[in-house]
Structures are given as structure tokens and as C-alpha cells.
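Chain and residue survey
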Amino acid sequence: MREIVVARGGCWGACSAGPPFPRPSGRAWARSPAPYAPHPRRPPNLYPVKLYVYDLSKGLARRLSPIPHHAGLNGKQLEGIWHTSIVVHKDEFFFGSGGISSCPPGGTLLGPPDSVVDVGSTEVTEELFLEYLSSLGESLFRSEAYNLFEHNCNTFTNEVAQFLTGRKIPSYITDLPSEILSTPFGQALRPLLDSIQIQPPGGSPVGRPNGQS
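Read on for a plain summary of the structure. Because the structure is a prediction, the values reported are computed rather than measured. (Residues numbered from 1 in each chain as written. Predicted model: local features only at pLDDT ≥ 70, side-chain atom pairs only at ≥ 80, totals over all residues. Heavy atoms only, no water.)

Helix and strand counts for the protein chain come out as seven helices and eight strands. Buried residues in the protein chain amount to 34% of all 213 residues. Within the protein chain, contacts between residues separated by at least 24 positions form 71% of all contacts whose residues are at least 6 apart in sequence. Surface summary for the protein chain: the accessible area is close to 13400 Å², and the carbon and sulfur share equals 56%. (Helix = DSSP H or I, 4+ residues; strand = E, 2+ residues; numbered from the N terminus. Buried < 20%, exposed > 50% of the residue type's maximum accessible area, 1.4 Å probe, protein only. Contact = heavy atoms within 4.5 Å. Areas by Shrake-Rupley, 256 points an atom, 1.4 Å probe, with all protein chains shown as cover.)

We now examine helix α4 (residues 153–165). For α4, built from 13 residues, the straight-helix expectation of 18 Å at 1.5 Å per residue is met to within 8% by its first-to-last C-alpha distance of 18 Å. Within α4, the full set of buried residues consists of Cys-153, Asn-154, Phe-156, Thr-157, Asn-158, Val-160, Ala-161, Leu-164 and Thr-165. (Expected span 1.5 Å × (residues − 1).)

To continue, consider the sheet that holds strand β3 (residues 47–55). Here six strands make up an open sheet; going across it, the order is β7-β3-β4-β5-β6-β8 and the pairing antiparallel. Strand pairing shows two members of the sheet lacking a second neighbour, β7 (115–122) and β8 (204–205), which therefore form its edges. With six bridges joining them, β3 and strand β4 (residues 82–88) adopt antiparallel strand pairing. Its bridge partner being in β4, Asp-55 is matched across the sheet by Trp-82. (Pairing = 2+ DSSP bridges.)

Under the definition given, this model contains two salt bridges. Note that Lys-50 is salt-bridged to Asp-118, the shortest N-O span being 3.7 Å. Here Lys-50 is found in strand β3, whereas its partner Asp-118 is found in strand β7, with 68 residues between them in sequence. We classify Lys-50 as partly exposed; its relative accessible area is 28%. Measuring nitrogen to oxygen at the nearest pair gives 3.0 Å for the salt bridge that ties Glu-144 to Arg-142. A residue is classified by how much of its surface remains accessible, and Glu-144, at 59% relative accessible area, is exposed. Residue Arg-142 is classed as partly exposed on the basis of its relative accessible area of 34%. (Salt bridge = Lys/Arg side-chain N within 4 Å of Asp/Glu carboxyl O.)

This part covers unusual backbone geometry. We note that Lys-58 has phi near 55°; this positive angle belongs to a residue other than glycine. Looking at where Lys-58 falls in the secondary structure, it is placed in the loop between β3 and α2 (60–64). We classify Lys-58 as exposed; its relative accessible area is 52%. The phi dihedral of His-89 is positive, around 55°, even though this residue is not glycine. Tracing the sequence through the fold places His-89 in the loop between β4 and β5 (91–96).

Now for the environment of Lys-90. Checked against the element boundaries, Lys-90 lands in the loop between β4 and β5. Through-space distance from the C-alpha of Lys-90 to that of Tyr-47 is 9.4 Å; in sequence the pair is 43 residues apart.

Along the chain, Gly-120 turns up in strand β7. Placed 70 residues apart in sequence, Gly-120 and Lys-50 show a C-alpha to C-alpha distance of 7.2 Å.

Structure representation (C-alpha cells):
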């Protein structure tokens, strides 16, 4: 009488008399690739973020400094009157009296920046960034919210830089308005200065359909 040898789950070999086929050794199993080996995580795309810095006085502030003591700034050296913008995703973004605008880097009538600050890198995609700007343009940075001292282009770039990289723009830029307004000279000129609105020509509106403001 023939003996049928059946392994768990089916036959080993031809299901005939005799021992089953041998199983692979442990070393052979170890060499076999895992059927569902996890794929290594792809590194995120990183996009460089730059701060363009413009001196609106075109060097005049530096030449007239230090500001005399009688003006209330105690001989402080004034290096410039700063306008800034954020450059990311191959475009330049800025805030002025016309709201949030964009242009190719250096594409406004201000020309090339006086200096460029490397803010860092961001994982924020262009699509998500434009949605974020559209939201800002309908809330914090509407055109009517612009104020030369308290809510200006540097307020905008500081906000956007932190959203993109977690870093602030240099304090010598953001501190300048409060330093001027803390002096008798600044307070005397404030009514006049508050009426000044800055909108560098050459940009296109961001987040406003059909170019509406």
C-alpha cells in the first residue's frame, strides 16, 4: 500500500510515497526580499525664500545722517528708508497702498534691490502660497489697511517670511518706524507722513479676480 505524504496546506512534491521536498534553508529565506518592503520617504521639495531690500531714499538718508540731536534722534545714523518684498516661486511679492502685488524679481520701477537677504527655504507649494496670499488680501492686507508706519510693506514681508520659513525679517527694518515715531521730530511730521501711500509701479494685483481692487 502506497503512503501519501501531504504537507500543511497541500502536497510537498508529487504527493507520492517518500519524504516531501526539503524546505529552503534559513539562509536562503534571509536572502529573499521582503514582499512588501517599505519605500524610503521622498525628501520634500524645498523652495528658496529671499527678502529684497530697497532704500527708497536712494542713499539720501545715509548721506544726511547722523540726524542732528535737535531732531530728537540723538545723532542716530539712518541707513535708509526701507521697502521690502518677498521673492519665492520665481516671483516677487509686496504690499502697498494698492494691496498685495507681484512681479518678476526686480520688475518694479524701483529696479534691482539694494540688498538681498536669504531668509531660508520652504516646503509650501506655489498653489498653497497663492491661496494664502489671496486670504491675506481679503483680510489683514487689504489696500485700505495700508499705513506707512504701522501696517506697511515690511509688516507684510515679516508676516509672510514667518509663514514660509518660521523666521522674521531683520529687526533694523521692522524697528525703524517706531524709532522715528518715538522722537519729537517724528511726532511732528506724523500727520504729513500718515497721508503718504507707497505703491511701487510695475506689479500686478494678487488674489483679485479680473484685476479688481
